[in-house]
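# Breakdown of the fold
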Amino acid sequence: MRPIVARPDGGLEVLGGFRPAARSGGRVLKLDVSQMIPLPEGTTLMHLPGRRALALDSKDRPVDVEADLLPVAAVLPVGHLRTLVPASRPLPGSRRLPLYGYSAVVEHHDELLVAALSTDAFGWWEPRRYAGGGLDAAIESARLALPGNRLVDHLAICATDLRCYTAQNTFLRRYEGALPASPACNADCLGCISLQTDGQAPAPQPRMRFAPTADELAGMASFHLGGTDAGIVSFGQGCEGEPLTRDDVLARAVALIRNEHPAATIHVNTNGSRPQVLQRLIDAGCNSVRISAISFTDAVFRAYYRPVGYSIEDVIECGRVMSRAGGQVCLNLLTFPGLTDSSAELDRTAAAVAEMGARQIQWRSLNCDHDWLIDVLAARGLLPDDGVGLAAAYQQLVDRLPGMTHGNFTRPVAMALD
Ligand code: SF4
């Protein structure tokens, strides 16, 4: 294997005379071909501005690559998990990187390989299913069916300009549809993709600016669920804040949807902050939840989420209330190489998912500037140095949690709890 870098003109260059390296947390590691997979279809290659590429010399010592050659990273399509970050270091005064999950990438026998695992191949999300036509006509149908419903215009931008698959599904009336509900949030995550409160990195999916009514949410849901291939409606999308902050409106919307669609999966993606509100939604007919967490270590959770008015106990309680009700509980595990794979984190994650009654772990690559996250954690003494590697961590949780499914995508309740 050989390192690859980007020339100033943007072209890729294979670097002779060096061995490729990658990073796990703050550690620079030697890469082994067994850690790498061929670049999956849909991968994007990016250079990292303001960073110096690192490689290994003939004695496997980390060295700087020459200054005008930039580090290169792979950004993976859904269904894949990044296991190592690119070997690079930020230069003084460099800007924060945009919010992507940057993976280490190398050349091997004229092919590019990436440090990753393939974690889910659920057909609903195959990129080729989103290459067909019909979207404009589907949006127009929604406009005619739902006059005055602000969610139509909002989701139309998500579906077309931002190419959000879930928004596209909503109009195409298939698979999982989006019901963004809240412009507000009770957290301020370092990696929030809808709002970066310090403005140091652009938010790729700008936060919705209105609060839909229960009738708007239920109307959009009914439009989607009228499709023969539609199975799920989901509150809590990348373009919004925290849906559980809309308690009364969401409870009313869920009741309206459940009344019309007795068999639908009514799902909420949440930060898990408000178990009492989730209980109200369950009472109204919600039967599936995906709870996001970066860590079940209180100090790490607080450093990343910057939560207002809730704790990691509330997050776990959200799992308990849904599992007690017999619904589907998924953990959306925001992973970071060098953090998620430490022994303390693995012990706490395994204990938390059992406590929550989770049926599935969705392994997500955390999208944010890795050096920024490392700095935040290291400044608080929270960066472990005993990571076993994300691939080994994945296998550990597979072995330690019999009966748990592992993947990337939410299934309809009838399929998941079968
Ligand atoms: S909980 Fe979600 S919406 Fe709220 S700050 Fe975090 S990522 Fe953003």
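Residues numbered from 1 in each chain as written. Predicted model: local features only at pLDDT ≥ 70, side-chain atom pairs only at ≥ 80, totals over all residues. Heavy atoms only, no water.

### Notes on the overall build of the protein
Within the protein, the regular secondary structure consists of twelve helices and 21 strands. Taken over the C-alpha trace, the protein has a radius of gyration of 22 Å; the compact-globule value for 418 residues is 22 Å, and the two agree within 12%. Projected onto its principal axes, the C-alpha positions of the protein cover 70 × 45 × 40 Å. Looking at the protein as a whole, 58% of its 418 residues are labelled buried. Contacts spanning at least 24 positions in sequence make up 77% of the contacts within the protein whose residues lie at least 6 apart. When the accessible surface of the protein is totalled, it reaches about 16,800 Å², and 51% of it is carbon and sulfur. The average position of the 39 basic charges and that of the 45 acidic charges among the side chains of the protein differ by 2 Å. (Helix = DSSP H or I, 4+ residues; strand = E, 2+ residues; numbered from the N terminus. Rg over C-alpha atoms; globule rule 2.2 N^0.38 Å. Buried < 20%, exposed > 50% of the residue type's maximum accessible area, 1.4 Å probe, protein only. Contact = heavy atoms within 4.5 Å. Areas by Shrake-Rupley, 256 points an atom, 1.4 Å probe, with all protein chains shown as cover. Lys, Arg positive; Asp, Glu negative; His and termini not counted. Charge placed at Lys NZ, Arg CZ, Asp CG, Glu CD.)

### Here we look at the packing of helix H4 (residues 214-225) against helix H5 (residues 247-260)
Two elements in contact, H4 and H5, have axes separated by 8 Å at closest approach and are oriented at 30°. Crossing geometry of H4 relative to H5 is assigned as right-handed. Within the contact between the two elements, H4 uses Ala 214, Asp 215, Leu 217, Ala 218, Ala 221, Ser 222 and Leu 225 and H5 uses Val 249, Leu 250, Arg 252, Ala 253, Leu 256, Ile 257 and Glu 260. (Axes fitted to C-alpha atoms, helices over the stretch in contact; angles between N-to-C directions. Left-handed = near helix turned anticlockwise from the far one by under 90°.)

### Remarks on the site of the ligand
The immediate surroundings of the ligand are formed by Cys 185, Ala 187, Asp 188, Cys 189, Cys 192, Arg 207, Glu 240, Gly 241 and Asn 271. Looking at side-chain class alone, the shell around the ligand contains four nonpolar, two polar and three charged residues. (Near = heavy atom within 4 Å. Nonpolar A, V, L, I, M, F, W, Y, C, P; charged D, E, K, R; others polar.)

### Quick word on helix H10 (residues 370-379)
Buried residues dominate H10, accounting for seven of its ten residues. Buried residues of H10: His 370, Asp 371, Trp 372, Leu 373, Ile 374, Val 376 and Leu 377, and no others. On its buried face, H10 is in contact with strand E3 (21-24), strand E7 (51-56), strand E11 (85-86), strand E12 (88-90), strand E13 (102-108) and helix H7 (298-305). Taking the backbone nitrogen of Asp 371 as reference, a side-chain oxygen 2.9 Å away marks Asp 369 as the first, capping residue of H10. Of the residues trailing H10, Gly 381 is marked for its positive phi of about 70°. (Polar contact = N/O pair within 3.5 Å; in protein donor to acceptor, adjacent residues only side chain to side chain.)

### What to know about the domain arrangement of the protein
In terms of domains, the protein is made up of domain 1 (2-118) and domain 2 (123-416). Placing a centre on the C-alpha atoms of domain 1 and another on those of domain 2 gives a separation of 29 Å. Facing the 26 residues of domain 1 at the interface are 37 residues of domain 2. Regarding the contact of domain 1 and domain 2, the summed buried area is about 2,500 Å², with carbon and sulfur atoms giving 59% of it. Counting across the domain 1 and domain 2 interface gives three salt bridges. At the junction of domain 1 with domain 2, the criterion picks out 13 residue pairs in polar contact (both at pLDDT 80 or more). For the side of domain 1 that touches domain 2, the secondary-structure elements that each account for two or more residues are E3, strand E10 (80-82), E11 and E12. Looking at the side of domain 1 that touches domain 2, the element that brings in the most residues is E10, giving three residues. Looking at the side of domain 1 that touches domain 2, its residues break down into twelve nonpolar, eight polar and six charged. (Domains from an automatic or database assignment. Buried area = accessible area lost by both parts, 1.4 Å probe. Salt bridge = Lys/Arg side-chain N within 4 Å of Asp/Glu carboxyl O.)

### Notes on the environment of Gly 26
Residue placement: Gly 26 occurs in the loop between E3 and strand E4 (27-30). Here the alpha-carbon distance between Gly 26 and Ile 257, two residues 231 residues apart in the chain, equals 48 Å. With near-sequence residues (within four places) excluded, Gly 26 lies in contact with Ile 374 and Leu 383.

### Quick word on the sheet that holds strand E15 (residues 174-178)
Sheets are built from strands paired through backbone hydrogen bonds, the pairs being either parallel or antiparallel. If you walk across this open sheet you meet the seven strands as E15-E16-E17-E18-E19-E20-E21, and the pairing is parallel. Each having just a single partner strand, E15 and strand E21 (405-407) make up the two edges of the open sheet. Sheet twist, expressed as the mean angle between neighbouring strand axes with direction ignored, is 25°. Bridge analysis of strand E16 (residues 229-235) against strand E17 (residues 265-270) gives four bridges, and the strand direction is parallel. From the neighbouring strand, Val 233 faces E17, where its bridge partner is Ile 266. (Pairing = 2+ DSSP bridges.)

### Re helix H2 (residues 150-160)
Burial in H2 covers these residues: Leu 151, Val 152, His 154, Leu 155, Ala 156, Cys 158 and Ala 159. On its buried side, H2 packs onto helix H1 (135-145), helix H3 (165-172), E15 and H4. In this structure Asn 149 caps H2, since a side-chain oxygen of it lies 2.9 Å from the backbone nitrogen of Leu 151.

### Observations regarding the packing of aromatic side chains
Aromatic ring pairs: the centre-centre distance and the angle between the two ring planes describe each pair. For the structure shown, the criterion picks out ten aromatic pairs. Seen from their ring centres, Tyr 130 and Tyr 165 are 3.8 Å apart, and the 5° between their planes marks the pair as stacked. A residue pair is termed long-range when its members are at least 10 positions apart, and Tyr 130 in the loop between strand E14 (111-118) and H1 and Tyr 165 in helix H3 qualify at 35 residues. For Tyr 165, a relative accessible area of 24% gives the class partly exposed. On the basis of an interplanar angle of 80° and a centroid distance of 5.3 Å, the ring pair of Tyr 304 and Tyr 305 is categorised as edge-to-face. Taken together, Trp 125, Tyr 130, Tyr 165 and Phe 409 form an aromatic cluster joined through their ring pairs. Lying over the aromatic face of Phe 223, Arg 173 brings its terminal NZ or CZ to 4.3 Å of the ring centre. (Phe/Tyr/Trp six-rings, centres within 6.5 Å; stacked < 30°, edge-to-face > 60°. Lys NZ or Arg CZ within 6 Å of the ring centre and 35° of its normal.)

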